[in-house]
Amino acid sequence: MINLPGMDGVAWRGFVYAIFILNFVFVCQLLLLPPLVSALGGKSGNAAELFERVSQSVKMKRYSEALDDLNAAIEADSTLSEAYWHRASILRQICRSKLLGIGLKLRLLCWKKLILIDRANCSLLMRKYEESEKDYKLLLLLNPRNSAAEKELSQLSQSRSALETALSLFETGGFTKALDYVDKVVLVFSPACAKAKLLKVKLLLATKDYSNAISESGYLLKEDENDLDALLLRGRAYYYLADHDVAMRHYQKGLRLDPEHGELKKAYFGLKNLLKKTKSAEDNVNKGKLRLAVEDFKAALSLDPNHLAHNVHLHLGLCKVLVKLGRGRDALISCTEALNIDGDLIDALVQRGEAKLLTEDWQGAVDDLKSAAQRSPQDMNIREALMRAEKSLKLSKRRDWYKILGVSKTASVSEIKRAYKKLALQWHPDKNVDNREEAEAQFREIAAAYEVLGDEEKRTRYDTGEDIEDMGMGGGAGGFNPFGGGGQQYTFHFEGGFPGGFGGFNF
């Protein structure tokens with residue numbers, strides 16, 4: 001250390017400290033003078049003009065400008081209570097923290113009083129509401145009986161608590177309740193809270209209220225057209241409404257702003273893949289490559305099971321292809337899936353009716369096709385399908401003479417005759433003494449079956465679906481009685497005959 005003549009060590013240290021203090025004061029003046037001038041114009045009377053400017057900035061939603069003016073005013077005069085009130089109110093409304101520069105931190109060091117009582121601004125990034133809460137508390141220190149500040153501080157606490165509850169409910173699946181907290185508390189006390197607005201859009205998406213999600217995210221984009229979160233969420237809303245072109249434009253705009261945005265990339269490429277698979281399925285249907293179309297429809301459906309507005313058409317397309325392939329049970333599943341999404345989809349109802357015809361669910365087919373015909377009474381194709389189903393149902397309820405004789409529908413005359421002789425011998429009442437009543441009933445059925453199938457004209461009419469009773473036949477249960485109860489006798493010609501004869505029959 002250099003010693004000046006006549007100065008001892010103590011004097012020297014005193015001199016150095018004095019120089020340091022003078023420099024520190026000089027720095028403080030440099031830092032504090034510009035905010036003082038810009039905020040108040042060097043005159044205490046300009047406070048009203050400042051607050052008017054702040055009010056105009058808030059009306060124009062230029063919150064950053066308003067906060068800059070208020071921060072400067074507070075640093076110029078730490079006892080300016082109204083500035084704290086305005087700043088606390090703005091921070092409560094926007095419910096967000098803000099980044100502060102190192103210069104501001106240095107200015108704060110110049111007032112010991114301000115260090116002791118102020119505020120979230122000493123940190124570079126504060127949690128939501130913290131700045132607002134501390135400003136209200138500081139205001140109440142300066143003006144303890146300010147009832148308006150006490151009221152707004154209470155509203156701030158309610159808003160913060162409601163937002164925390166809403167976030168918790170969102171994470172646990174309580175979407176409707178969370179939406180109530182955001183709408184009825186958070187956005188009432190903090191109407192400009194961007195995070196709450198984004199949360200509201202997410203909740204609207206979760207509750208499948210896509211139209212309102214589009215509206216709410218649109219308001220966010222009016223405030224900031226480059227808001228990536230709003231672009232993503234609005235794109236998803238359009239996506240789930242199956243408005244894929246508009247959804248794609250939102251994703252593309254976001255990716256132009258940030259090509260590496262993970263969620264936007266996932267949404268964009270997911271949509272591209274879905275459209276590719278859907279087009280491939282439709283192309284294969286048009287080319288007649290039905291089995292390939294089935295695989296493409298299934299692949300598209302597996303991409304996003306929650307995309308109901310699009311999947312309903314995939315299920316319907318798959319059902320139509322499966323009906324053409326004759327795969328009734330599989331078609332039934334696909335058409336039912338489509339109807340579970342949209343119960344008013346007439347085409348799906350018609351196709352499910354066709355699938356039920358394939359599975360021989362005649363009554364189910366009639367019910368579906370009748371419902372479709374009532375909703376679209378002018379559609380002749382539906383009416384024709386309904387007539388086919390009603391005819392099939394009617395045929396299913398009559399006796400199956402082929403089944404009774406145990407022959408196929410393509411059996412020859414000789415096959416029918418052989419089957420009849422065999423069964424007539426088997427169930428002749430004289431040969432079934434122990435179960436005579438059952439034998440008589442079976443014998444009547446066999447005789448009635450042969451009466452129809454043994455006659456070429458009657459068989460043809462039966463095969464075309466005519467009612468047996470229209471032919472004057474009772475089907476063995478009505479007027480037809482092979483035992484001659486009505487005076488009729490039926491002569492059956494068997495080589496060798498039956499021993500003993502029976503009940504008016506001549507063998």
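Let us look at the structure shown here.

With that settled, consider the overall build of the protein. Secondary structure assignment for the protein yields 24 helices and zero strands. Taking all 507 residues of the protein together, the buried fraction comes to 42%. Expressed as a percentage of contacts within the protein between residues at least 6 apart in sequence, the contacts between residues at least 24 apart total 54%. Total accessible area on the protein stands at roughly 28200 Å², and carbon and sulfur atoms take up 52% of it.

Let's shift gears to the state of the cysteines. Applying the stated criterion to the full structure yields one disulfide. A sulfur-sulfur separation of 1.8 Å characterises the disulfide bridge that pairs C319 with C335. In this structure the cystine formed by C319 and C335 twists about its S-S bond by roughly -85°; its chirality is therefore left-handed. Taken as a pair, C319 in helix α16 (residues 308-324) and C335 in helix α17 (residues 328-341) lie far apart in primary sequence, 16 residues in all. Judged by relative accessible area, which is 0%, C335 ranks as buried.

It is worth spelling out the environment of L228 at this point. In this fold, L228 is placed in helix α12 (residues 228-240). Each C-alpha atom of the pair L228 and H261 lies 8.7 Å from the other, and the pair is 33 residues apart in sequence. Not counting the four nearest positions on each side in its chain, L228 is found in contact with G254, L257, D258, H261 and L264.

Our focus in this paragraph is the environment of N340. One can find N340 in helix α17. A sequence separation of 28 residues divides N340 from V312, and the C-alpha atoms of the two residues are 8.7 Å apart.

Moving on, we get to helix α15 (residues 290-303). Since one α-helical turn is 3.6 residues long, residues separated by three or four positions face the same way. In this model α15 runs 20 Å from its N-terminal to its C-terminal C-alpha over 14 residues, within 8% of the 20 Å that 1.5 Å per residue would give. Among the residues of α15, those classed as buried are L290, A293, V294, D296, F297, A300 and L301. Looking at the buried residues of α15, the elements they touch are α14 (262-286) and α16.

Along the chain, H315 turns up in helix α16. The class for H315 is buried, based on a relative accessible area of 14%. Those residues in contact with H315, other than ones at most four positions away along the chain, are L301, S334, E337, A338 and I341.

The subject of this paragraph is the nonpolar core. Generally speaking, a soluble globular protein has its nonpolar side chains buried in company with each other. One finds V182, A196, Y251 and F297 to be the most contacted residues of the largest nonpolar core, which totals 57 residues. With eight residues, the single largest contributor to this core is α12.

Inspection of every chain in the model, using the stated rule, returns six aromatic pairs. When the centroid spacing of 5.0 Å and the interplanar angle of 75° are considered together, the rings of Y268 and F269 count as edge-to-face. Over the ring of Y462 we find R398, and its NZ or CZ is 3.6 Å from the ring centre.

Here we take up unusual backbone geometry. If a residue is not glycine, its phi is most likely negative; likewise, a peptide bond is most likely trans. Residue A242 is not a glycine yet carries a positive backbone phi of 65°. Its place among the elements puts A242 in the loop between α12 and α13 (244-257). Taking the relative accessible area as the measure of exposure, A242 reaches 32% and is therefore partly exposed.

Right, let's get into the pattern of salt bridges. Taken as a whole and judged by the stated rule, the model has 18 salt bridges. K265 is the salt-bridge partner of E260, the closest N and O atoms lying 3.5 Å from each other. Across the salt bridge formed by D344 and R375, the nearest N and O atoms sit 3.8 Å from each other. With D344 in the loop between α17 and α18 (346-358) and R375 in helix α19 (residues 362-375), this pair connects stretches of sequence that are 31 residues apart. Using a relative accessible area of 59% as the deciding quantity, one classes D344 as exposed. Under the relative-accessibility criterion, R375 is labelled partly exposed at 41%.

Cut-off values and rules
Residues numbered from 1 in each chain as written. Predicted model: local features only at pLDDT ≥ 70, side-chain atom pairs only at ≥ 80, totals over all residues. Heavy atoms only, no water. Helix = DSSP H or I, 4+ residues; strand = E, 2+ residues; numbered from the N terminus. Buried < 20%, exposed > 50% of the residue type's maximum accessible area, 1.4 Å probe, protein only. Contact = heavy atoms within 4.5 Å. Areas by Shrake-Rupley, 256 points an atom, 1.4 Å probe, with all protein chains shown as cover. Disulfide = S-S within 2.5 Å. Expected span 1.5 Å × (residues − 1). Core = buried A, V, L, I, M, F, W, Y, C linked by side-chain atoms within 4.5 Å. Phe/Tyr/Trp six-rings, centres within 6.5 Å; stacked < 30°, edge-to-face > 60°. Lys NZ or Arg CZ within 6 Å of the ring centre and 35° of its normal. Salt bridge = Lys/Arg side-chain N within 4 Å of Asp/Glu carboxyl O.

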